[in-house]
Amino acid sequence: MIIIDEYNTEKYNDKKVIALGNFDGIHLGHQELIKKSVELSKTNKMTSSVFTFKQHTTKTIYKYDYQKLLTTNRKKIEEFSKFNLDYAIIYDFNKDFSLLSPKTFIESILIDKLNMKIAVVGDNYRFGYNANGDVSLLKKFSKIYNYEVYIVEPIKLNDIPISSSFIRSLIQEGNVEEASKCLGRYFSLEGYVISGRKIGRNLGFPTANIKIDMDYILPLNGVYITKVKIGNRHFLGITNVGINPTFNVNNLSVETYIIDFNENIYGLFIEIEFIKRIRDEIKFNSKKELIEQMKNDYALAKSYKYILHN
């Protein structure tokens, strides 16, 4: 899979089937768009691709009141690569791009620069300045610019259409199990391990703290059974998202006790996959009470050892 952006577009002028969208989360609905792009590219002897952005469109438009992201660009590319796409087209959604009219976006970007012959979209796809463009407009211009439009029906979970906003609401409720069903994989956070307050180490449960990027959504405060990816290795984990109320820390953190692991990983990049929320974050009356609860969490987490093979 080749990555295309604004700077190398001209090198890849072949006829393309392009799945269009923000693709935040690359959930099951997005995956259907991608699969259809690949399928249509084979049928029509074209190349398959997705078109998306390096940042969520709402951050450029609203600056301070934007949607939290489900996936980093690194994770997006990793997930795209699983579908045998020819191209992942990832543009910078800057102020200038946000001002493009729907017509200019189609004509200047999709047709002139990317040579799109088939567009694959969901039924609620919006584009152009102020999201003024919709599927009906995309179809209207297809007659002028000689491309086809293929609409993919939404995928549902319990009769609710799967969407990035729906998944965000599940994660904010701590319902990572349902969120993972919508994503088709475990919801995850990733980042570099940083030095913390060493509270866990002093309790006999040393934790790996990751640097939090506030552009990305965090699960509801609480304790979770997790799977930790370090390079190509996977470990069980117990992850606390919260403020450590027992010790009056009050700084939000994501820290993970990695089970059966004893290595120095400061500065390393890790990914934490959230399996199940097991309890609220609790203010304990003593260190002894907290340690007893952590032992119970540990015993419960060990019963999930099977996830290491999933």
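Model, not experiment: these values are computed from the prediction. (Residues numbered from 1 in each chain as written. Predicted model: local features only at pLDDT ≥ 70, side-chain atom pairs only at ≥ 80, totals over all residues. Heavy atoms only, no water.)

> Run through the side chain of Glu 79, naming residues and quoting values.
If you trace the backbone, Glu 79 turns up in helix H3 (residues 73–80). For Glu 79, a relative accessible area of 5% puts it in the buried group. For Glu 79, the contacting residues outside a window of four places in its chain are Ile 26 and Arg 185. (Helix = DSSP H or I, 4+ residues; strand = E, 2+ residues; numbered from the N terminus. Buried < 20%, exposed > 50% of the residue type's maximum accessible area, 1.4 Å probe, protein only. Contact = heavy atoms within 4.5 Å.)

> Break down the pattern of salt bridges for me, citing the residues and quoting the values.
Counted by the stated rule, this structure contains 23 salt bridges. In this structure, Lys 75 engages Glu 78 in a salt bridge whose closest nitrogen and oxygen atoms are separated by 2.9 Å. Placement of the pair is Lys 75 and Glu 78 together in helix H3, with a separation of three residues, close to one helical turn. Since its relative accessible area comes to 6%, Lys 75 is described here as buried. As a salt-bridge pair, Lys 295 and Glu 292 come within 3.7 Å of each other at their nearest N and O atoms. Of this pair, Lys 295 and Glu 292 both sit in helix H10 (residues 287–302), three residues apart, which is roughly one turn of that helix. One connected set of salt bridges, linked through shared partners, spans Arg 74, Lys 75, Glu 78, Glu 79, Lys 82, Arg 185, Glu 190 and Glu 271. (Salt bridge = Lys/Arg side-chain N within 4 Å of Asp/Glu carboxyl O.)

> An account of the sheet that holds strand E14 (residues 269–279) is needed here, citing residue identities and associated values.
A barrel is described by the order of its strands in space; here six strands give the closed sequence E9-E10-E13-E12-E11-E14, paired in antiparallel fashion. For this sheet, the mean angle separating the axes of adjacent strands, direction not counted, is 45°. As defined by bridge partners, strand E10 (residues 207–210) adjoins strand E13 (residues 253–258) across three bridges and the pair is classed as antiparallel. Opposite Asn 209, over in E13, you have Glu 255 as the bridge partner. Against the sheet, helix H8 (residues 176–183) touches strand E9 (187–194), strand E11 (222–230) and E14, its axis set at about 125° to E14. (Pairing = 2+ DSSP bridges. Axes fitted to C-alpha atoms, helices over the stretch in contact; angles between N-to-C directions.)

> Could you give me a rundown of the packing of aromatic side chains, with the residues and numbers involved?
Overall, the coordinates contain 19 aromatic pairs when judged by the stated rule. Between Phe 53 and Phe 97, the aromatic rings sit 5.2 Å apart at their centres with planes inclined by 75°, giving edge-to-face as the arrangement. With Phe 53 in strand E3 (residues 47–53) and Phe 97 in helix H4 (residues 95–98), this pair connects stretches of sequence that are 44 residues apart. Judged by its relative accessible area of 12%, Phe 97 falls in the buried class. Ring pairs connect the aromatic residues Phe 51, Phe 53, Tyr 91, Phe 93, Phe 97, Phe 105, Tyr 125 and Phe 127, which therefore count as one cluster. (Phe/Tyr/Trp six-rings, centres within 6.5 Å; stacked < 30°, edge-to-face > 60°.)

> Would you mind going over the domain arrangement of the protein in detail, with residue names and values included?
One widely used convention gives an interface's size as the accessible area the parts lose upon coming together. Along its sequence, the protein is organised into domain 1 (2–161) and domain 2 (187–308). On the domain 2 side, the residues contacting the 12 residues of domain 1 number 10 residues. For the domain 1 and domain 2 pair, buried surface summed over both sides reaches about 920 Å², with 45% attributable to carbon and sulfur atoms. The tally of links from domain 1 across to domain 2 stands at three salt bridges. A salt bridge links Glu 271 to Lys 75; its shortest N-O distance comes to 2.8 Å. Summed over the shared surface of domain 1 and domain 2, the result is six residue pairs in polar contact (both at pLDDT 80 or more). Take the side of domain 1 that touches domain 2: its biggest share by element is four residues, from H3. Of the residues in the side of domain 1 that touches domain 2, the class split is three nonpolar, four polar and five charged. (Domains from an automatic or database assignment. Buried area = accessible area lost by both parts, 1.4 Å probe. Polar contact = N/O pair within 3.5 Å; in protein donor to acceptor, adjacent residues only side chain to side chain. Nonpolar A, V, L, I, M, F, W, Y, C, P; charged D, E, K, R; others polar.)

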